[in-house]
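Structure assessment
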Amino acid sequence: MTTDDITREAAAADERAALEQAVTEKVIASFADSTTDRFGRLMASLVRHLHAFARDVRLTEAEWEAAIRFLTDTGAICADKRQEFILLSDVLGLSMLTIGINSPPDRAVTESTVFGPFFVDGSPHISLGGTMSAGAAGRPCFVGGRITDEEGVPVAGARVEVWEADDDGLYDVQYEDDVTQARGHLFSDEKGGYRFWSIVPSPYPIPDDGPVGRLLRAANRSPMRPAHIHFMVSAPGFRTLITHIFVAGGPHLESDAVFAVKPGLIVEFAQQPPGRAPDTDVMATTWYRAEFDITLARAEA
Ligand code: BEZ
Ligand code: FE
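Note that the structure is a prediction, hence the values are computed from the model and not measured. (Residues numbered from 1 in each chain as written. Chains lettered and ligands numbered in written order. Predicted model: local features only at pLDDT ≥ 70, side-chain atom pairs only at ≥ 80, totals over all residues. Heavy atoms only, no water.)

This brings us to the coordination of the iron ion (ligand 2). Think of it this way: four donors in a tetrahedron around the metal ideally sit 109.5 degrees apart, and six in an octahedron ideally sit 90 or 180 degrees apart. For the iron ion (ligand 2), the full set of protein donor atoms is Tyr171 (OH), Tyr204 (OH), His228 (NE2) and His230 (NE2), at a range of 1.9 to 2.1 Å. The coordination sphere of the iron ion (ligand 2) comprises six donor atoms, whose angles at the metal cover 54 to 164°; the geometry is irregular. Written as a sequence motif, the donor residues of the iron ion (ligand 2) are Y-x32-Y-x23-H-x1-H. Pair noted here: Tyr204 is in strand 5 (residues 204-205) and His228 is in strand 7 (residues 228-234), with a separation of 24 residues, a long-range link. (Donors = N, O, S within 2.8 Å, 3.2 Å for Na, K, Ca; no water. Tetrahedral: all angles 85-135°; square planar, octahedral: opposite > 155°, others 65-115°. Helix = DSSP H or I, 4+ residues; strand = E, 2+ residues; numbered from the N terminus.)

Set out below in structure tokens:
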């Protein structure tokens with residue numbers, strides 16, 4: 001290649017880059033009169049980053065078509081009980097990033113994590129110390145703690161929703177029958193205390209029979225989530241906390257398919273011998289105990 005050829009090629013590349021940039025600027029400008037400033041800002045930034053991505057990878061038309069097909073399949077599989085777009089956001093880490101961006105800057109409160117697709121409204125009420133497993137298979141486990149504000153003042157009457165997968169890694173809603181198991185809600189007592197019997201949770205794969213599963217397989221990524229119990233805690237005057245507790249020492253803590261593990265949410269499920277146990281008859285078998293104190297953030301005025 002001569003020096004002239006190199007100069008000509010560089011000039012052509014510059015011209016192409018300028019044309020590409022002009023498209024980006026024109027599209028960004030098209031959002032300048034948006035109905036709200038926030039919408040205009042969101043769209044301008046989205047276009048800037050989306051175009052930068054296409055330029056960065058030199059996106060081929062075949063890849064563009066594959067991406068459109070993927071998003072079309074993602075929409076097509078969505079139904080009342082299946083939200084594949086949220087699952088996509090989860091495996092791309094966007095859900096956890098958004099939770100982080102919106103969490104209170106004060107680190108003294110219990111951390112949030114993903115909501116997941118298996119919450120059901122209208123769960124059974126459980127009395128304090130009652131059982132929420134309702135026959136779900138698993139090793140018995142007593143979970144309890146105290147709910148306070150950031151100053152350590154008890155939060156009485158907080159509503160605690162809990163739900164979890166059984167020993168086979170399945171939530172009740174994943175079975176064909178209509179049985180409600182391993183979910184419920186209870187209210188904290190005057191001292192902010194809450195406690196319930198359930199089962200030690202098991203690891204399980206996120207739903208991977210759709211487009212998101214295909215994406216994970218193409219990336220050689222595991223669909224597995226570490227064992228956890230979901231919590232949603234709400235009380236007047238406080239931000240609703242959506243979180244999990246994870247079983248300390250369990251598999252997949254380092255490779256959660258949805259990046260939801262935070263060190264402060266990993267809890268010891270300590271093995272206990274048969275015999276006396278709280279809020280129940282004498283236990284004939286080994287049981288487990290997990291303690292999880294919860295600090296709620298005050299809602300912004
Ligand atoms: C869950 O823990 O229930 C879950 C969270 C994110 C994606 C799939 C499942
Ligand atoms: Fe879960």
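Following the structure, the description resumes.
What follows covers the layout of surface pockets. Considered as a void within the structure, the largest pocket measures approximately 820 Å³ in volume. As for the largest pocket, its lining consists of 18 residues, and the residues nearest its centre are Leu46, His49, Leu50, Phe53 and Ala54. Elements that contribute at least two residues to the lining of the largest pocket include exactly helix 2 (37-57) and helix 3 (61-77). Classifying every residue of the lining of the largest pocket gives eleven nonpolar, three polar and four charged. In this structure, the second largest pocket spans a volume of roughly 510 Å³. Lys81, Arg82, Gln83, Pro117 and Phe118 are the residues nearest the centre of the second largest pocket, which is lined by 23 residues in total. Here the lining of the second largest pocket takes four residues from helix 4 (residues 84-91), the largest share from any one element. Among the residues making up the lining of the second largest pocket, the classes are represented as 13 nonpolar, five polar and five charged. Two domains each provide a minimum of three residues to the lining of the second largest pocket, namely domain 1 (3-88) and domain 2 (99-295). (1 Å grid on protein atoms, 1.4 Å probe; cavity = no way out; pocket = protein on both sides within 12 Å on 5 of 7 lines; lining within 4 Å. Points joined across faces, edges and corners; volume = space filled by probe spheres on them. Nonpolar A, V, L, I, M, F, W, Y, C, P; charged D, E, K, R; others polar. Domains from an automatic or database assignment.)

Quick look at the nonpolar core now. By size, the foremost hydrophobic cluster in this structure holds 44 residues, and its most contacted members are Tyr194 and Phe231. Contributions of two or more residues to this core are made by helix 4, strand 1 (140-148), strand 2 (159-164), strand 4 (193-199), helix 6 (211-218), strand 7, strand 8 (241-247) and strand 11 (287-291). In terms of residue count, strand 8 provides more of this core than any other element does, four residues in total. Composition of this core by domain shows at least three residues from each of domain 1 (3-88) and domain 2 (99-295). Phe119, Trp163, Ala165 and Tyr204 belong to the second largest nonpolar core, which has seven residues in total. (Core = buried A, V, L, I, M, F, W, Y, C linked by side-chain atoms within 4.5 Å. Buried < 20%, exposed > 50% of the residue type's maximum accessible area, 1.4 Å probe, protein only.)

The next subject is the site of ligand 1. Around ligand 1, the structure places 13 residues, and the nearest of them are Pro117, Tyr204, Arg225, His228 and His230. Take Arg225: an N or O atom from its side chain is 2.5 Å from an oxygen atom of ligand 1. Measuring from an oxygen atom of ligand 1, one finds a side-chain N or O atom of His230 at 3.0 Å. Coverage of ligand 1 by the protein chains reaches 100% of its 270 Å² of free accessible surface. Here ligand 1 occupies the largest cavity. Only helix 4 and strand 7 provide two or more residues apiece to the shell around ligand 1. (Near = heavy atom within 4 Å. Polar contact = N/O pair within 3.5 Å; in protein donor to acceptor, adjacent residues only side chain to side chain. Areas by Shrake-Rupley, 256 points an atom, 1.4 Å probe, with all protein chains shown as cover. Sits in = over half its atoms within 2 Å of the grid points.)

Our next topic: empty space enclosed by the protein. This structure, assessed with the given rule, holds one cavity of 30 Å³ or more. Quantified by volume, the largest cavity comes out at close to 90 Å³. As for the largest cavity, its lining consists of 13 residues, of which Gly116, Pro117, Tyr204, Ile206 and Arg225 are closest to the centre. Here the lining of the largest cavity is built from residues that sort into nine nonpolar, two polar and two charged.

Turning our eyes to something else, we now look at the pattern of salt bridges. Oppositely charged side chains may form a pair once their charged atoms are brought near each other. Tallying each qualifying case throughout the model produces 13 salt bridges. Arg8 is paired through a salt bridge with Asp5; the nearest N and O atoms lie 2.8 Å apart. With Arg8 and Asp5 both in helix 1 (residues 3-29) and three residues apart, this pair spans about one turn of that helix. Relative accessible area serves as the criterion here: at 54%, Arg8 is assigned to the exposed category. With its nearest N and O atoms 2.5 Å apart, the salt bridge here joins Arg195 to Asp279. (Salt bridge = Lys/Arg side-chain N within 4 Å of Asp/Glu carboxyl O.)

By themselves, these observations are geometric and do not establish any function.
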